[in-house]
Amino acid sequence: QGVSSAASDVYKRQVLNVPCGNVIIELYPKLSPNSVKRFKMLIETGEYNDVAFHRVVENFLVQAGDLEFGRKENINYTYIGSGRSKYDLIKPETDKPFEFKRGTVAFAKSKNGDAEDSEFLILLADAFLFEGEYTPLGRVINGISALEKIKFNDQSEYVLRPDFINYFKMLQDL
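Now for the nonpolar core. Leu-16, Phe-39, Tyr-48, Phe-53, Phe-120 and Leu-147 are the most contacted members of the largest nonpolar core, which has 32 residues in total. Looking at this core element by element, the count peaks at four residues for helix α2 (residues 33-44). Dropping the residues within four chain positions of it, Phe-39 is found in contact with Leu-27, Tyr-48, Val-105, Phe-107, Phe-120, Leu-137 and Phe-168.

Set out below in structure tokens:
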């Protein structure tokens, strides 16, 4: 017997708990299979828990996922945004058409632009120029207003004393 569509959807949904509430994200494994596999693995192993939203552009995007320099217990303001996970880099999956609208979740690129690791961004506004440049992972389906309350710095896109991800879990694990 096949799994019903509603039941299988729960395996594609995650809960991102931030200081101002919960954000429900639905992943698109058929669109970016390798990238979504990496993202889910990092979520399932708790790698994103207590990691900073180190880059925030008001009304445009929030970015987190620096697992090396962005952890609450040992944040490094000098290097945050340049760290790595303990895993190998992966190739971007940018070849399929996708509209980068408000709520899009995507992997951020490495410094040289031809690889991805653990950093991700969530759009708070449409950004159609991102199409073909960033790997789409999914979309926020509920709770984007909690992301709009993430602390930002109006002088820089990098935030001193940032907000953190409380936890990031698969919906079925709650």
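Positive phi is not limited to glycine here, since Asn-59 has a value of about 60°. You can see Asn-59 is positioned in the loop between β3 (55-57) and β4 (61-64). What makes Asn-59 exposed here is its relative accessible area of 57%. The backbone phi angle of Arg-161 is positive, close to 55°, even though this residue is not glycine. Within the secondary structure, Arg-161 sits in the loop between α3 (144-147) and β8 (167-170).

Considering all chains together, one arrives at 13 aromatic pairs under this definition. Centre to centre, the rings of Tyr-48 and Phe-168 are 5.7 Å apart; their planes meet at 40°, and the pair counts as tilted. Highlighted residues: Tyr-48 in the loop between α2 and β3 and Phe-168 in strand β8, separated in sequence by 120 residues. Here Tyr-48 matches Phe-168 in class, with each residue buried.

What follows deals with the layout of surface pockets. Computed from the structure, the largest pocket encloses a volume of approximately 370 Å³. Around the largest pocket, the lining is made up of 22 residues, and of these Gly-81, Lys-109, Ser-110, Lys-111 and Glu-119 lie nearest the centre. Considering only residue class, the lining of the largest pocket consists of eight nonpolar, seven polar and seven charged.

Our focus in this paragraph is the sheet that holds strand β6 (residues 120-123). With respect to topology, eight strands assemble into an open sheet ordered β3-β4-β6-β5-β7-β2-β1-β8, the strand pairing being antiparallel. Two strands in the sheet have a free side with no partner beyond their single neighbour: β3 and β8. Neighbour-to-neighbour, the strand axes of the sheet open up by a mean angle of 25°, direction not taken into account. Here four bridges tie strand β1 (residues 13-18) to β8, and the two strands are oriented antiparallel to one another. By the bridge assignment for β8, Val-15 is matched with Lys-169. Strand contacts of α2: β1, β2 (21-27), β5 (104-107), β6, β7 (135-142) and β8, with the helix running at about 115° to β8, the strand carrying the most contacts.

What counts as what
Residues numbered from 1 in each chain as written. Predicted model: local features only at pLDDT ≥ 70, side-chain atom pairs only at ≥ 80, totals over all residues. Heavy atoms only, no water. Core = buried A, V, L, I, M, F, W, Y, C linked by side-chain atoms within 4.5 Å. Buried < 20%, exposed > 50% of the residue type's maximum accessible area, 1.4 Å probe, protein only. Helix = DSSP H or I, 4+ residues; strand = E, 2+ residues; numbered from the N terminus. Contact = heavy atoms within 4.5 Å. Phe/Tyr/Trp six-rings, centres within 6.5 Å; stacked < 30°, edge-to-face > 60°. 1 Å grid on protein atoms, 1.4 Å probe; cavity = no way out; pocket = protein on both sides within 12 Å on 5 of 7 lines; lining within 4 Å. Points joined across faces, edges and corners; volume = space filled by probe spheres on them. Nonpolar A, V, L, I, M, F, W, Y, C, P; charged D, E, K, R; others polar. Pairing = 2+ DSSP bridges. Axes fitted to C-alpha atoms, helices over the stretch in contact; angles between N-to-C directions.

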